[in-house]
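# Architecture and fold: a report
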Amino acid sequence: MIYPIVIVSFCVCSAWGEGLFLVLQTSTICYLVFYYDNKALAGIAFLVVYAAALYVFLSGMVPMNILWSFQSSNIAIIIGSKVLQAWANYSNGSTGQLSVITFFLLFLGSIARIFTSIQETGDALIILIYMITTTFNGVIFAQLIYYWNVPIAKAKSE
């Protein structure tokens, strides 16, 4: 019975396994957004286009330098989204309805992902992305702790 162990060690507990679950999770969430907006056909169209794009990117048809460019553009997206959230928290004097446990787990998960990326890939770009993600998740988590007892209404009135 070594086959289940090999499958688990290769797929579920590796970067490939994590990527597979992220693809499934992302596509499901995107479809549900369309579905609950009464646009189920658009959701199905999204899934078809998403699957086709994945096939093209994973099949080797796209040169590695193009894939690298897409991956490196992720840095700007991460920084932009996290800075906007941190600025909104600072401007409001509150973190609103952000979940402490969610950001705590994001922070710990991104720390762990740095080390697994070093062990599994050694890819400097991916490691850099996770280091940046960890830093900004840490900033937002620190804001959650700092603004812990600040009521939303009081923060807006100040």
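Structure shown above.
The following paragraphs examine the structure supplied in this document. As the structure is a prediction and not an experimental result, all values here were calculated from the model. (Residues numbered from 1 in each chain as written. Predicted model: local features only at pLDDT ≥ 70, side-chain atom pairs only at ≥ 80, totals over all residues. Heavy atoms only, no water.)

## Some details on the side chain of Thr 95
As a reminder of what qualifies: Going along the chain from the N terminus, every DSSP run of H or I of four or more residues is numbered as a helix, and every run of E of two or more is numbered as a strand. With a 1.4 Å probe rolled over the protein chains alone, any residue whose accessible area is under 20% of its type maximum counts as buried; one over 50% counts as exposed, and the rest are partly exposed. Pairs of residues are marked as contacts when any of their non-hydrogen atoms sit within 4.5 Å.
Following the sequence through the fold, Thr 95 ends up in the loop between helix H4 (64-92) and helix H5 (100-120). With a relative accessible area of 10%, Thr 95 lands in the buried category. Setting aside residues no more than four positions away along its own chain, Thr 95 makes contact with Asn 89, Gln 143, Leu 144 and Tyr 147.

## So, the packing of aromatic side chains
Condition: Note on aromatic contacts: the rings of Phe and Tyr and the six-membered ring of Trp form a pair at centre separations within 6.5 Å, being stacked when their planes are under 30 degrees apart, edge-to-face when over 60 apart, and tilted otherwise.
Evaluation of the coordinates by the stated rule reveals nine aromatic pairs. Consider the rings of Phe 57 and Phe 70, whose centres lie 5.5 Å apart with planes at 80 degrees: the pair is edge-to-face. With a gap of 13 residues between them, Phe 57 in helix H3 (residues 40-58) and Phe 70 in helix H4 connect regions that are remote in the sequence. Plain terms: the ring middles of Trp 87 and Tyr 90 are 5.5 Å apart, the flat faces sit at 40 degrees to each other, and that makes the pair tilted. Of the two residues, Trp 87 and Tyr 90 are both situated in helix H4; the distance of three residues between them amounts to about one turn of the helix. For the pair formed by Trp 87 and Tyr 90, the shared burial category is exposed.

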